[in-house]
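# Examining the three-dimensional arrangement
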Amino acid sequence: MSGYSGDGYAGGGPVGGAGGSPPAGRPGQGSPVPPQGTPYGPPPGHPYRPPQGAPYAAPAGYPYAQQPGHPYRQPVPAQGYPYGWGHPPVAPPLEPSRGRKILRGLYNPLYAAQSAFRPSRPGIVQDPEVRKLQLWRTVLGLAAWVGLTLAYKAVVSADDVKTVADARLDQSWSSVLVLVCTFPVVVGAFVAAARGTLRRVYLRRGVRSLGAVVAIMASMGTSALAMAPELAGFRDAVGLPGKIVIGVTCAWSIGFALYGIGLSLVHVFRTADIHEVVPPVLAGILVWEMAILDVVTGAYPQVPAGARAVFILGAPVTVTALSWWEMHRLHRHHGLSVRGALGR
């Protein structure tokens, strides 16, 4: 009889025979079990055996290793990789070249005026609160002048509008002329009072402010060349091509001068390029000079004496308060003062 039963071989007969041991390699019947770990891999200690753990796992530190828990996770670059998966770095805008700036100024007089009359010294202190207050001062001053003119019926016809506008332009031009005369006196005294090498520094910085003065005077001279009756003979001598050139230059100069006058009064001929404390000092001196000039010349004759006195004195008092507050902010928030600027 055979020694085979339902539970296997019962006896110890020959291999494959009755009562013998089951043949090797048949699972579930006492066959050998392969070692746990990577299936079908080399034996332990083999030089090419992969590390224990997840099959086909990348070595530690590999930058594109699969993350646990996500079978199809995208590779993630290592930390510190300069070009991550986000947007590439954006280069800062390039500063226009000097030639491009000059070319732009030739066809845009307003841009040329900004370049000529706005301070641009590297490291200059920019206080947005002071700039806002200066803007409001200019707007409110213009509104007060218009209200005063309308209240006392200085404008009743189109001719009066032209007359008042011409008077206002003449007053602005007079302010510029007074500023031109005051500029060398105040700046010269400031430079002379400075100590040591500061004098040479301020003189070198003053070249830009002097250039702004020359630019505004040259633009007004160009306008006179095109419209002054005394120069009619010169315009006839240059002929039609010369007249065209003069006309185009005059149109450019008018836009440059009108915008430049406003910027010159706000930025005080870019004297902040010399030092930040110079504009408030110079503006305070200028506005009192203009008040004295209005009193001497009898400005606003149609306004009663009391209202005229308030209006004429209102500007210097306001500007003086603004200049004091600007000096206070410069000293408190930026550590700048007249004494420190002079090196004393």
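Before reading on, note that the structure itself is shown above.
Computed from a predicted structure; not experimentally measured.

### With respect to the overall build of the chain
Helix and strand content of the chain: nine helices and two strands. Counting across all 344 residues of the chain, residues that qualify as buried make up 29%. At a minimum sequence separation of 6, the contacts of the chain that also span at least 24 residues come to 66%. As displayed, the chain has an accessible area near 22700 Å², and 66% of this comes from carbon and sulfur atoms.

### Quick look at the nonpolar core
Counting 40 residues, the largest nonpolar core has Phe 117, Phe 190, Tyr 202, Ile 216, Phe 256 and Phe 269 as the members making the most contacts within it. Listing elements by their share of this core, those giving two or more residues are helix H2 (109–117), helix H4 (158–193), helix H5 (198–227), helix H6 (232–267), helix H7 (278–297) and helix H8 (305–334). Considering each element in turn, this core owes the most residues, nine residues, to H4. Discounting residues that sit within four places of it in the chain, Phe 190 has contacts with Tyr 202, Ile 274, His 275, Val 277, Val 278, Ala 341 and Leu 342.

### So, the environment of Phe 234
For Phe 234, the location among the structural elements is in helix H6. On the basis of relative accessible area, Phe 234 is assigned to the partly exposed category, the value being 41%. Among residues more than four places away in sequence, those in contact with Phe 234 are Leu 225 and Ile 246.

### Some thoughts on a nonpolar patch on the surface
Side chains of Ile 102, Leu 103, Leu 106 and Tyr 107 sit close together on the surface and give an oily, nonpolar patch of about 490 Å² of accessible area. Within the secondary structure, Leu 103 is located in helix H1 (residues 98–107). On the basis of relative accessible area, Leu 103 is assigned to the exposed category, the value being 53%.

### Brief notes about the packing of aromatic side chains
Scanning all chains against the criterion turns up three aromatic pairs. Relative to Phe 256, the ring of Trp 252 lies with its centre 5.1 Å away and its plane at 10°, an arrangement referred to as stacked. Of this pair, Trp 252 and Phe 256 both sit in helix H6, separated by four residues, roughly a single helical turn. A relative accessible area of 6% means that Phe 256 is categorised as buried. By the ring-pair criterion, three or more aromatic residues cluster together here, those being Phe 117, Trp 252 and Phe 256.

### What about H5?
Taking 1.5 Å of rise per residue, the 30 residues of H5 would be expected to cover 44 Å, and the 44 Å separating its terminal C-alpha atoms lies within 8% of that figure. At Val 207, H5 shows its largest bend, some 30°. When H5 is considered as a whole, its buried residues turn out to be Tyr 202, Gly 206, Ser 209, Ala 212, Val 213, Ala 215, Ile 216, Ser 219, Thr 222 and Ser 223.

### Quick word on the layout of surface pockets
Of the volumes computed, that of the second largest pocket is approximately 740 Å³. What lines the second largest pocket is a set of 18 residues, and nearest its centre among them are Arg 98, Lys 101, Tyr 111, Ser 115 and Ala 116. Of all the secondary structure elements, the ones that give two or more residues to the lining of the second largest pocket are H1 and H2. Of the residues contributing to the lining of the second largest pocket, the split by class is eight nonpolar, five polar and five charged.

### Digging into unusual backbone geometry
In the Ramachandran plot, Val 268 falls in the positive-phi region, its phi being about 50° despite a non-glycine side chain. Turning to its location among the elements, Val 268 is positioned in the loop between H6 and H7. Note on Val 268: relative accessible area 3%, which makes it buried. Positive phi values are uncommon outside glycine, yet Phe 269 reaches one of about 55°.

### Structural notes on the side chain of Glu 276
Among the structural elements, Glu 276 can be located in the loop between H6 and H7. For Glu 276, a relative accessible area of 8% puts it in the buried group. A polar atom in the side chain of Glu 276 sits 2.7 Å from the side chain of Arg 121. Setting aside residues up to four positions removed in sequence, Glu 276 forms contacts with Arg 121, Gly 123, Ile 124, Val 125, Leu 330 and Leu 336.

### Notes on the environment of Tyr 107
Locating Tyr 107 in the fold gives a position in helix H1. In this structure Tyr 107 comes out as exposed when scored by relative accessible area, which is 62%. For the pair formed by Tyr 107 and Trp 252, sequence separation is 145 residues and the distance between their alpha carbons is 8.1 Å.

### Let's talk about the environment of Ser 115
Along the chain, Ser 115 falls in helix H2. Placed 145 residues apart in sequence, Ser 115 and Gly 260 show a C-alpha to C-alpha distance of 9.9 Å.

### Structural notes on the packing of H5 against H6
Contact geometry for H5 and H6: axes closest at 7 Å, N-to-C directions at 140°. Here H6 runs oblique to H5, going by the angle between their axes. Both H5 and H6 take part in a crossing whose hand is left-handed. Contacts from Ala 215, Ile 216, Ser 219, Met 220, Thr 222, Ser 223, Ala 224, Leu 225, Ala 226 and Met 227 in H5 reach Phe 234, Arg 235, Ile 246, Thr 249, Cys 250, Ser 253, Ile 254, Phe 256, Ala 257, Gly 260 and Ile 261 in H6.

What counts and how
- Numbering of residues begins from 1 in every chain and follows the order in which that chain's sequence is written.
- Totals for whole chains, interfaces and linings use every residue, but because this is a predicted model, local features are given only for residues with pLDDT of at least 70 and side-chain atom pairs only at 80 or more, for both listing and counting.
- Hydrogens and water are ignored here; the side-chain numbers use all heavy atoms of the structure.
- Each helix is a run of DSSP H or I of at least 4 residues and each strand a run of E of at least 2, with the numbering of both proceeding from the N terminus.
- Throughout this description, buried means an accessible area under 20% of the type-specific maximum (1.4 Å probe, protein chains only), exposed means over 50%, and partly exposed covers the range between.
- Here, residues are in contact when the closest pair of their heavy atoms is within 4.5 Å.
- In this description, accessible areas are obtained by the Shrake-Rupley approach with a 1.4 Å probe, and a residue is regarded as covered only by the protein chains that are shown.
- Joining through side-chain atoms within 4.5 Å is the link that ties buried Ala, Val, Leu, Ile, Met, Phe, Trp, Tyr and Cys residues into a set, and such a set is a nonpolar core.
- Without a salt bridge and with relative accessible area above 30%, a residue can belong to a patch; like charges are then joined within 9 Å and nonpolar side chains (Val, Leu, Ile, Met, Phe, Trp, Tyr) within 5 Å.
- Salt bridges, as used here, are contacts in which a Lys or Arg side-chain nitrogen is within 4 Å of a carboxyl oxygen on Asp or Glu.
- Geometry of aromatic contacts follows a simple scheme: Phe, Tyr and Trp rings, the Trp one being its six-membered ring, pair when their centres are within 6.5 Å, and the pair is stacked under 30 degrees between planes, edge-to-face over 60, tilted otherwise.
- Helix span, as expected, comes to 1.5 Å for every residue beyond the first.
- Note that the bend at a residue is defined as the angle between axes fitted to the seven residues ending at it and the seven residues starting at it.
- Definitions used throughout: a 1 Å grid over protein atoms alone; a cavity as a set of points that fits a 1.4 Å probe which cannot get out; a pocket as an open set with protein on both sides within 12 Å along at least five of seven lines; a lining residue as one with an atom within 4 Å of a point.
- Grid points are joined across faces, edges and corners, and a volume is the space filled by probe spheres set on the points.
- In this count, Pro and Cys sit with the nonpolar residues alongside Ala, Val, Leu, Ile, Met, Phe, Trp and Tyr, while Asp, Glu, Lys and Arg are called charged and the others, Gly among them, polar.
- A 3.5 Å cut-off defines polar contacts: any pair of N or O atoms within that distance qualifies, except that in protein one atom must be a possible hydrogen donor and the other a possible acceptor, and neighbouring residues in sequence count only when both atoms are side-chain atoms.
- Every angle, taken between N-to-C directions, lies between 0 and 180 degrees, and every axis is a line fitted to C-alpha atoms, over only the stretch in contact when it is a helix.
- Should an angle fall under 35 degrees it is called roughly parallel, over 145 degrees roughly antiparallel, and 65 to 115 degrees roughly perpendicular, with every other angle called oblique.
- A clockwise turn of the near helix away from the far one marks a right-handed crossing, whereas an anticlockwise turn of less than a right angle marks a left-handed crossing.

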